[in-house]
Amino acid sequence: MRLIDTHTHLDFPDFDADRDALLARSRALGVQRMVVLGIYKANWQRLWHLVEANEGLHAAFGLHPVYLDDHHPQHLDELRDWLSRLAGQPKLCAVGEFGLDYYLENLDRQRQQALFEAQLELAAEFELPALLHVRRAHAATIATLKRFRLKRGGIIHAFAGSQEEAREYIKLGFRLGLGGAATWPQANRLRQVVAGLPLDAIVLETDAPDMAPAMHPYQRNSPEYLADICTELAALRGISTEELAAASSRNADELFGWG
């Protein structure tokens, strides 16, 4: 079984003690590729060193809305410099993680929107997929994406919207990232939505070290749990684990341009 984890934060210090062993365990369980996402300027260099040193790891660089107060206008210029310098490198796969977060009320929405649009412009300029954080902000995100119409689309990370919102994202060329949240039995609405999503729109993710699945509750999340997540979501949809793994990996390959 071949799996791709489309959203991890393996550069985080949470993994410093056993990162190599974790990567080996993940690969042994079929996780052949993992995307590591930047969230603020200070972690981009560490992240790039990590993906350069490890086969099957790929990088995305972005300015995450939750860290809004850590971002400065010159960081957008530096993000553009990173993308320009690494253009064409197979280890660079996307712009992200960025987007809109309306759950945290202290985050200024106008500043978020300006930062969101600036990074969408970079995704368009460099013809890279956009890996988006969207929390309680689907309407604003969809409206913005309709204006930008990214050539390569991207992924809505940890998708937890409605069927209607899913259809809008799919029409805009986006895949829907599914991970641990839908494995919890109490997530009734999300599980109903996941069961009805088109198979060609789904990509799998962990968001490690966050969003641990129900079968590994309240632990540090890890790419090695992706097979368990796949098994649970496949059962939810009434298909085999192998079918979901193959479809989600094929969708990721197509999005990122991996042969």
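Note that residues are indexed from 1 along each chain, following the sequence as it is written. Reporting in this predicted model follows two pLDDT cut-offs: at least 70 for local features of residues, and 80 or more for side-chain atom pairs to be given and counted; totals over whole chains, interfaces and linings ignore these cut-offs and use all residues. Side-chain descriptors were evaluated using all non-hydrogen atoms of the structure, hydrogens and water having been removed beforehand.

### Here's the deal with unusual backbone geometry
Here is the rule we go by: Helix and strand assignments follow DSSP, with helices taken as H or I runs no shorter than four residues and strands as E runs no shorter than two, numbered in order from the N terminus. When a residue's accessible area, from a 1.4 Å probe over protein chains only, is under 20% of the maximum for its type it is buried; when over 50% it is exposed; and in between it is partly exposed.
Looking along the chain, the bond that leaves Gly96 and enters Glu97 is cis, with omega of 15 degrees. Tracing the sequence through the fold places Glu97 in strand β4 (residues 92–101). The backbone of Glu127 sits at a positive phi, close to 50 degrees, despite the residue not being glycine. With respect to the helices, strands and loops of the structure, Glu127 is situated in the loop between α4 (109–126) and β5 (130–135). Classification of Glu127 by relative accessible area gives partly exposed; the value is 40%. Even without glycine at this site, Tyr218 takes up a positive phi of about 60 degrees. Along the chain, Tyr218 falls in the loop between β8 (202–204) and α8 (226–237). Judged by its relative accessible area of 75%, Tyr218 falls in the exposed class.

### Brief notes about the sheet that holds strand β1 (residues 3–8)
As a reminder of what qualifies: Should DSSP find at least two bridges between two strands, the strands are regarded as paired. Between N-to-C directions, angles span 0 to 180 degrees; the directions come from axes that are lines fitted to C-alpha atoms, helices contributing only their stretch in contact. Contact criterion: two residues are considered in contact whenever any of their non-hydrogen atoms come within 4.5 Å of each other.
Ordered in space as β1-β2-β3-β4-β5-β6-β7-β8, the eight strands form an open sheet in which the pairing is parallel. Strands at the two margins of the open sheet, each flanked by one partner only, are β1 and β8. This sheet shows a mean twist of 30 degrees between the axes of neighbouring strands, independent of strand direction. Pairing analysis gives four bridges linking strand β2 (residues 31–37) to strand β3 (residues 57–61), with the strands arranged parallel. Across the sheet, Val35 pairs through a bridge with His58, a residue of β3. Strand contacts of helix α5 (residues 138–148): β4, β5 and β7 (174–178), with the helix running at about 150 degrees to β5, the strand carrying the most contacts.

### Observations concerning the UniProt feature "binding site: a divalent metal cation 2" (unreviewed entry) in the chain
The condition is simple: UniProt positions are given in the numbering used here, feature names are shortened, and annotations may be inferred rather than shown by experiment.
The sites that carry the UniProt feature "binding site: a divalent metal cation 2" (unreviewed entry) are, in the present numbering, His133 and His157. What stands out for the annotated residues spanning 25 residues is how close their C-alpha atoms remain, the widest pair being 5.6 Å apart. In this structure, His133 sits in strand β5. On the accessibility criterion, His133 (9% relative accessible area) is buried.

### Looking at α8
Applied cut-off: In this analysis, the expected span of each helix is defined as 1.5 Å times one less than the number of residues it contains. Throughout, the arc means that of the directions going from the helix axis to the C-beta atoms.
A rise of 1.5 Å per residue sets the reference length of α8, with its twelve residues, at 16 Å; its end C-alpha atoms lie 16 Å apart and thus fit the reference within 8%. Along α8, the positions that sit buried rather than exposed are Leu226, Ala227, Ile229, Cys230, Leu233, Ala234 and Arg237. The buried residues of α8 occupy one face: seen down the axis, they fall within an arc of 155 degrees. As for α8, its buried residues are in contact with β1, β2, β7, α7 (188–195), β8 and α9 (241–256). Count one or two residues on from α8 and you reach Gly238, which has phi positive near 75 degrees.

### Observations concerning the packing of α8 against α9
Cut-off, in case you're wondering: Every angle not falling under 35 degrees, over 145, or within 65 to 115 is termed oblique; those three ranges are roughly parallel, roughly antiparallel and roughly perpendicular. Residue classes follow a fixed rule: Ala, Val, Leu, Ile, Met, Phe, Trp, Tyr, Cys and Pro count as nonpolar, while Asp, Glu, Lys and Arg count as charged, and any other residue, Gly among them, counts as polar.
Where α8 contacts α9, the axes come no closer than 8 Å and their chain directions differ by 110 degrees. With respect to α9, the axis of α8 lies roughly perpendicular. Across the interface between the two elements, Cys230, Thr231, Leu233 and Ala234 from α8 touch Thr241, Leu244 and Ala245 from α9. Grouping the amino acids of the contact of α8 with α9 by side-chain chemistry returns five nonpolar, two polar and no charged.

### What about the UniProt feature "binding site: a divalent metal cation 1" (unreviewed entry) in the chain?
Keep this limit in mind: Identification of polar contacts relies on pairs of N or O atoms within 3.5 Å, with a donor-acceptor requirement for protein atoms, meaning one able to donate a hydrogen and the other able to accept it, and with residues adjacent in sequence counted only if both atoms are side-chain atoms.
Mapped onto this numbering, the UniProt entry annotates "binding site: a divalent metal cation 1" (unreviewed entry) at His7, His9, Glu97 and Asp207. The greatest C-alpha distance among the residues just named is 11.0 Å, despite their covering 201 residues of sequence, which places them together in space. Inspection of the secondary structure puts His7 in strand β1. Judged by relative accessible area, which is 2%, His7 ranks as buried. Apart from the residues lying within four places of it in its own chain, the contact partners of His7 are Val35, Leu37, Glu97, His157, Glu205, Thr206, Asp207 and Ala208. At 3.4 Å, the side chain of His7 forms a polar contact with the side chain of His9. Ignoring any residue separated from it by four or fewer positions in sequence, one finds Glu97 in contact with His7, His9, Leu37, Gly38, Ile39, Gly62, Leu63, His64, Leu131, His133 and His157.

### Here's the deal with the side chain of Asp11
So the rule is basically this: Charge counting treats Lys and Arg as positive and Asp and Glu as negative, with His and both chain ends excluded. In the sections that follow, a salt bridge refers to a side-chain nitrogen of Lys or Arg positioned within 4 Å of a carboxyl oxygen of Asp or Glu.
Take Asp11: it is sitting in the loop between β1 and α1 (19–28). Here Asp11 sits buried without a salt bridge, and the closest side chain of opposite charge, Arg46, lies 4.8 Å off (N-O distance). Within the structure, the side chain of Asp11 is placed 2.8 Å from the side chain of Asn43, a separation counted as a polar contact.

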